[in-house]
Amino acid sequence: MNCKDNHYYRYCWKTGRKIKHRHITRGNVRSQLAQHRKQEVEIAIASGLKPVEIEKLIH
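Computed from a predicted structure; not experimentally measured.

Conventions we followed
- Residues numbered from 1 in each chain as written.
- Predicted model: local features only at pLDDT ≥ 70, side-chain atom pairs only at ≥ 80, totals over all residues.
- Heavy atoms only, no water.
- Salt bridge = Lys/Arg side-chain N within 4 Å of Asp/Glu carboxyl O.
- Helix = DSSP H or I, 4+ residues; strand = E, 2+ residues; numbered from the N terminus.
- Buried < 20%, exposed > 50% of the residue type's maximum accessible area, 1.4 Å probe, protein only.
- Phe/Tyr/Trp six-rings, centres within 6.5 Å; stacked < 30°, edge-to-face > 60°.

Draft legend 1. Region of the structure containing the pattern of salt bridges. All told, the structure shown has two salt bridges when counted by the stated rule. One salt bridge in this structure joins E55 and R22, with 2.5 Å as the shortest N-O distance. On the criterion of sequence distance, the pair formed by E55 in helix 2 (residues 51–58) and R22 in strand 2 (residues 18–23) is long-range, its members being 33 residues apart. Judged by relative accessible area, R22 falls into the partly exposed class, the value being 27%. Among the salt bridges present, the one from K38 reaches E42, with a minimum N-O distance of 3.3 Å. Within this pair, K38 and its partner E42 are both found in helix 1 (residues 32–47), separated by four residues, close to a single helical turn.

Draft legend 2. Spatial organisation of the packing of aromatic side chains. In the structure shown here, the tally under the stated rule is one aromatic pair. When the ring of Y11 is compared with that of W13, the centres are 5.1 Å apart and the planes differ by 20 degrees; the resulting orientation is stacked.

Dropping the structure here:
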């Protein structure tokens, strides 16, 4: 398997002029656990949580 075949979810947000990101842990996009964690992050975004709170959720 080539290194370029691995794709990971990450959460990105902007603070001032800087774009920050945090990788969503527990595997690549094919992993059921990573897909579940991505859904949790999407729900948190839709709920209106602040980026700092979402980052804590990911960690």
